[in-house]
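So you can see what is in the structure, the chains are spelled out below.
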Amino acid sequence: MSELCLVPIGSLPPRALEWIENAAAEWFPLPTRRLPAIAIPDRAYDAKRGQYQSVEFMKTLAQCAPRDAFRVLGITNVDLSIPMLSFLFGQAQFEGPIAVVSLCRLHQEFYGLPAQEALLRERTVKEVLHELGHTFGLVHCADSTCAMSLATHIELVDSKTEKYCARCGTQLAQRFARNGGV
Ligand SMILES: [Zn+2]
Ligand SMILES: [Zn+2]
């Protein structure tokens, strides 16, 4: 079955999966399936940085993925990083099945501001489209309003829209057409 499997890693904001399902339904001709939440992998914690190694999350997702899963998206509320970067909004295998998105730095509270659920939803959708775009072969886009533009801080996430630009959208549609609808 060609499904997009959603895997919560640890606890999430109450409506996060619903936001992601709605966005996925708009862009991808794939049914989504919620898998049971899994625990945050202990070995991923980097006490020196107070963050979690994204690579361990990717490995854990690969292990827990159903064999027939087409794409597996992990979603977590903890802060992710890799050794060479101070943090990550998400990570994906290019044209591969696994991706992860962290909502940690998408919360206004992370920046000492009052919570804004609508803004959290928008940012979540943008980052999910970004990482899933990579799994479908999209690269970074020069259009700063496109979901595939590279965001290295939250202001750049906010400059994006909740959609792919025409060029990236066409490439995505071609990708699905090549795969016989999926
Ligand atoms: Zn990217
Ligand atoms: Zn684009």
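Scroll up to find the structure this text is about.
Summarised in this report is the structure supplied together with it. (Residues numbered from 1 in each chain as written. Chains lettered and ligands numbered in written order. Predicted model: local features only at pLDDT ≥ 70, side-chain atom pairs only at ≥ 80, totals over all residues.)

## Some words on the overall build of the protein chain
(1) Moving on: The helix and strand inventory of the protein chain stands at five helices and nine strands.
(2) Moving on: Counting helices and strands in the order they occur from the N terminus, the protein chain gives β-α-β-β-β-α-β-β-β-β-β-α-α-α.
(3) Moving on: On C-alpha atoms alone, the protein chain measures out to a radius of gyration of 15 Å, which is about the 16 Å that the 2.2 N^0.38 rule sets for 182 residues.
(4) Moving on: With respect to the three principal axes, the spread of C-alpha positions in the protein chain is 45 × 35 × 30 Å.
(5) Moving on: Burial status across the protein chain gives 36% buried among its 182 residues. (Helix = DSSP H or I, 4+ residues; strand = E, 2+ residues; numbered from the N terminus. Rg over C-alpha atoms; globule rule 2.2 N^0.38 Å. Buried ≥ 20, exposed ≤ 12 C-beta atoms within 10 Å, placed from the backbone.)

## A few points about the pairing of strand β9 (residues 98-102)
(1) Moving on: Buried residues dominate β9, accounting for five of its five residues.
(2) Moving on: Going residue by residue along β9, you find I98, V100 and S102 tucked away on one face and A99 and V101 tucked away on the opposite face as well.
(3) Moving on: Sheet analysis places strand β5 (residues 71-76) next to β9, joined by five bridges and oriented parallel. Bridging across to β9, G74 finds its partner in V100.
(4) Moving on: Pairing of strand β8 (residues 90-92) with β9 involves three bridges; the strand directions are antiparallel. The residue of β9 that forms the bridge with A92 is A99.
(5) Moving on: The hairpin formed by β8 and β9 contains five residues between the paired strands, and E95 there has a positive phi angle of roughly 55°. (Pairing = 2+ DSSP bridges.)

## Here we look at unusual backbone geometry
(1) Moving on: With a phi angle near 55°, E95 is a residue other than glycine that sits in the positive phi range.
(2) Moving on: Looking at the secondary structure, you find E95 in the loop between β8 and β9.
(3) Moving on: Judged by C-beta crowding, with 11 C-beta atoms within 10 Å, E95 ranks as exposed.

## Digging into the nonpolar core
(1) Moving on: F57, L73, I75, V101, V128 and L129 are the most contacted members of the largest nonpolar core, which totals 44 residues.
(2) Moving on: Taken together, the elements giving at least two residues each to this core come down to β1 (4-9), α1 (16-27), α2 (54-64), β5, β9, α3 (117-135) and α5 (166-178).
(3) Moving on: In this view, V128 contacts I20, A23, L73 and V101; residues no more than four positions away in its chain are not counted. (Core = buried A, V, L, I, M, F, W, Y, C linked by C-beta atoms within 7 Å. Contact = placed C-beta atoms within 7 Å.)

## Focus on the environment of K163
(1) Moving on: Tracing the backbone through its elements, the reader meets K163 in the loop between α4 (154-159) and α5.
(2) Moving on: Along the sequence, K163 and W27 sit 136 residues apart, while their C-alpha atoms lie 8.5 Å from each other.

## Some points on the sheet that holds strand β6 (residues 80-82)
(1) Moving on: Strand order in the open sheet formed by four strands is β3-β4-β6-β7, with mixed pairing between adjacent strands. Either end of the sheet is taken by a strand with one partner, and the two such strands are β3 (45-46) and β7 (85-88).
(2) Moving on: Here β6 pairs with β7 via two bridges, running antiparallel. Residue pairing in the sheet places L80 in a bridge with L88 of β7.
(3) Moving on: Its contacts with the sheet place α2 against β4 (51-53), β6 and β7, and it is angled at close to 105° to β6. (Axes fitted to C-alpha atoms, helices over the stretch in contact; angles between N-to-C directions.)

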